[in-house]
Amino acid sequence: MAYRAEYIWIDGTEPVPLMRSKTKILPDGAEVGVWGFDGSSTNQAQGANSDCVLSPVFITPDPIRGGDDKLVLCEVLVPDTMQPHPTNRRAAAVEMAKSYADQEPWFGMEQEYTFFEEGRPMGWPRAGYYYPAPQGPYYCGVGAIEIAGRQIVEAHTDACLAAGLAISGTNAEVMLGQWEFQIGPVGTVEVGDHMWMARYLLYRIAEDFNVNASISAKPIEGDWNGAGCHTNFSTKAMREGYDAVIAACESLGAPGKIEEHLAAYGHGYEDRLTGDHETAHYSEYRYGVSDRGASVRIPWQVAQDQKGYIEDRRPNANIDPYEVAALMTNTVCSDWSKR
Ligand code: ADP
Ligand code: MN
Ligand code: MN
Ligand code: MN
């Protein structure tokens, strides 16, 4: 008998990579090993030298196929050297996690996304002016006027749990058809592994409903919320004392750091970080307690307890979580280690 392993990877599409996957059939009991693919079809190689290597890094049960079948998240390597491909941002996150393992960084990421059906956000009218009633009743809403796509959200959550992912919650968002799930808190590499696997399951399950789940940062222009990936972060020192919480906020706002971070915070951040819709304008940096108009929010409970974590509200829905987690770990932990 045999089982199926779905090999999953992140491609080289610009400016926002796509996820790809293909199926390998293995004899029962056989281990998943390295595999290859045609990089010239994924913007990862030239036709004359097209092979890229898939190297398994995170394996879970396949909640869609069930049985002994598996999901196999891979990193992409260059065949000649077996070194990380330029599109592989996981390798750098692994190095960063090793460098600052003593500070025990944790991440919780809030993935916002929008369901699209027949070219428009799910639940939006198909006739007339094509716009629903203005934002207000949709966030954490209940009922057929307020909600679209809950069946898919529930199926996705079931699948994440069955795969053993560190999903920590879901909610309907401010724009009709927009939702969120949270991953974490887990380490610098794990947050990327679990997030990419959860994204894969979202796309795959929505596909069965003929729905596209989009992580576009500003799917609809105008007075409609964009989609972010708020990144909650702590170190052991932050979980033990407020000095380290403030130090982290200061590190993120240090000269040069603001630009460096924005560059990694996702395609189209200028369209989303306008200063409206619960964002700070991308040209400013400020942090504050309970402030959802700040770049970085210190949750009320954290100020109360004088320890905990911070929320960087700037990352877009379309970030590479490996890249953002590695960067935050570097910025905050390198400063702290110099004290
Ligand atoms: P919001 O109020 O911003 O919508 P959410 O409940 O959606 O907040 O998300 C909070 C996130 O913070 C979760 O992903 C959770 O795992 C994460 N989190 C909680 N505690 C910590 C911590 N100590 N370090 C890092 N992340 C944390
Ligand atoms: Mn949230
Ligand atoms: Mn949200
Ligand atoms: Mn948030």
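The rules behind the values
- Residues numbered from 1 in each chain as written.
- Chains lettered and ligands numbered in written order.
- Predicted model: local features only at pLDDT ≥ 70, side-chain atom pairs only at ≥ 80, totals over all residues.
- Heavy atoms only, no water.
- UniProt positions renumbered as here; feature names shortened; annotations may be inferred.
- Donors = N, O, S within 2.8 Å, 3.2 Å for Na, K, Ca; no water.
- Helix = DSSP H or I, 4+ residues; strand = E, 2+ residues; numbered from the N terminus.
- Buried < 20%, exposed > 50% of the residue type's maximum accessible area, 1.4 Å probe, protein only.
- Near = heavy atom within 4 Å.
- Areas by Shrake-Rupley, 256 points an atom, 1.4 Å probe, with all protein chains shown as cover.
- Nonpolar A, V, L, I, M, F, W, Y, C, P; charged D, E, K, R; others polar.
- Salt bridge = Lys/Arg side-chain N within 4 Å of Asp/Glu carboxyl O.
- Polar contact = N/O pair within 3.5 Å; in protein donor to acceptor, adjacent residues only side chain to side chain.
- Contact = heavy atoms within 4.5 Å.

Per an unreviewed UniProt entry, the recorded name for the protein chain is Glutamine synthetase, and the organism is Candidatus Neomicrothrix parvicella RN1. Its UniProt record gives the protein chain a comment under Subunit (unreviewed entry), which states: "Homooctamer and homotetramer." Its UniProt record gives the protein chain a comment under Catalytic activity (unreviewed entry), which states: "L-glutamate + NH4(+) + ATP = L-glutamine + ADP + phosphate + H(+)".

Engineer: How should I be thinking about the coordination of the manganese ion (ligand 2) in this particular structure?
Structural biologist: For a metal with four tetrahedral donors the ideal donor-metal-donor angle is 109.5 degrees, while six octahedral donors give ideal angles of 90 or 180 degrees. Ligation of the manganese ion (ligand 2) by protein atoms is provided by Glu-110 (OE) and Glu-180 (OE), these donors lying 2.2 to 2.3 Å from the ion. In this structure, the manganese ion (ligand 2) is positioned 3.8 Å from the manganese ion (ligand 3), and both are ligated by Glu-180. Here Glu-110 is found in strand E6 (residues 106–117), whereas its partner Glu-180 is found in strand E9 (residues 178–186), with 70 residues between them in sequence. Looking at Glu-110, the relative accessible area reads 14%, which means it is buried.

Engineer: Looking at this model, I keep getting lost on the coordination of the manganese ion (ligand 3). Mind explaining?
Structural biologist: Looking at the manganese ion (ligand 3), the protein donor atoms are Glu-112 (OE), Glu-173 (OE) and Glu-180 (OE), and they sit 2.1 to 2.2 Å from it. Donor residues for the manganese ion (ligand 3) sit on one chain with the sequence pattern E-x60-E-x6-E. Using a relative accessible area of 8% as the deciding quantity, one classes Glu-112 as buried.

Engineer: Help me understand the site of ligand 1, please; the structure alone is not making it clear to me.
Structural biologist: In the region of ligand 1, 17 residues are neighbours, and Glu-110, Glu-180, Ser-234, Arg-297 and Glu-311 sit closest. Contact with the protein chains hides 76% of the accessible area of ligand 1, taken as 590 Å² for the molecule alone. Breaking the shell around ligand 1 down by element, the ones donating at least two residues are E6, E9 and strand E11 (229–234). Along the lines of polarity and charge, the residues of the shell around ligand 1 split into six nonpolar, six polar and five charged.

Engineer: How do you make sense of the UniProt feature "domain: GS catalytic" (unreviewed entry) in the protein chain when you look at a structure like this?
Structural biologist: Under the present numbering, the feature "domain: GS catalytic" (unreviewed entry) in UniProt falls on residues 84–339. Across residues 84–339 one finds 37% helix and 18% strand; the C-alpha atoms that close the span lie 33 Å apart.

Engineer: Would you explain the UniProt feature "domain: GS beta-grasp" (unreviewed entry) in the protein chain in this entry?
Structural biologist: Annotation from UniProt places "domain: GS beta-grasp" (unreviewed entry) at residues 3–81. Secondary structure content for residues 3–81 is 0% helix and 51% strand, while the C-alpha to C-alpha distance between its ends is 30 Å.

Engineer: I'm lost on the pattern of salt bridges in this one. Help?
Structural biologist: Two side chains with opposite charge may pair up if their charged atoms get near one another. Counted under the stated rule, the structure contains 21 salt bridges. Here Glu-323 makes a salt bridge to Arg-89, at a shortest N to O gap of 3.7 Å. In this pair, Glu-323 is assigned in helix H9 (residues 321–337) and Arg-89 in the loop between strand E5 (70–77) and helix H1 (90–99), connecting sequence segments 234 residues apart. Residue Arg-89 is classed as partly exposed on the basis of its relative accessible area of 35%. We note a salt bridge from Glu-95 to Lys-98, for which the minimum N-O separation is 3.6 Å. One end of the pair is Glu-95 and the other is Lys-98, both in helix H1 and three residues apart, which spans about a single turn. Residue Glu-95 is classed as partly exposed on the basis of its relative accessible area of 45%. A residue is classified by how much of its surface remains accessible, and Lys-98, at 58% relative accessible area, is exposed. Through salt bridges that share partners, Glu-278, Arg-297, Glu-311 and Arg-313 make up one connected network.

Engineer: I'm lost on the side chain of His-156 in this one. Help?
Structural biologist: Topologically, His-156 is positioned in helix H2 (residues 150–163). A distance of 2.9 Å separates a polar atom in the side chain of His-156 from the backbone oxygen of Ala-198. If sequence neighbours within four positions are ignored, His-156 has contacts with Phe-181, Ala-198, Leu-201, Leu-202 and Ile-205.

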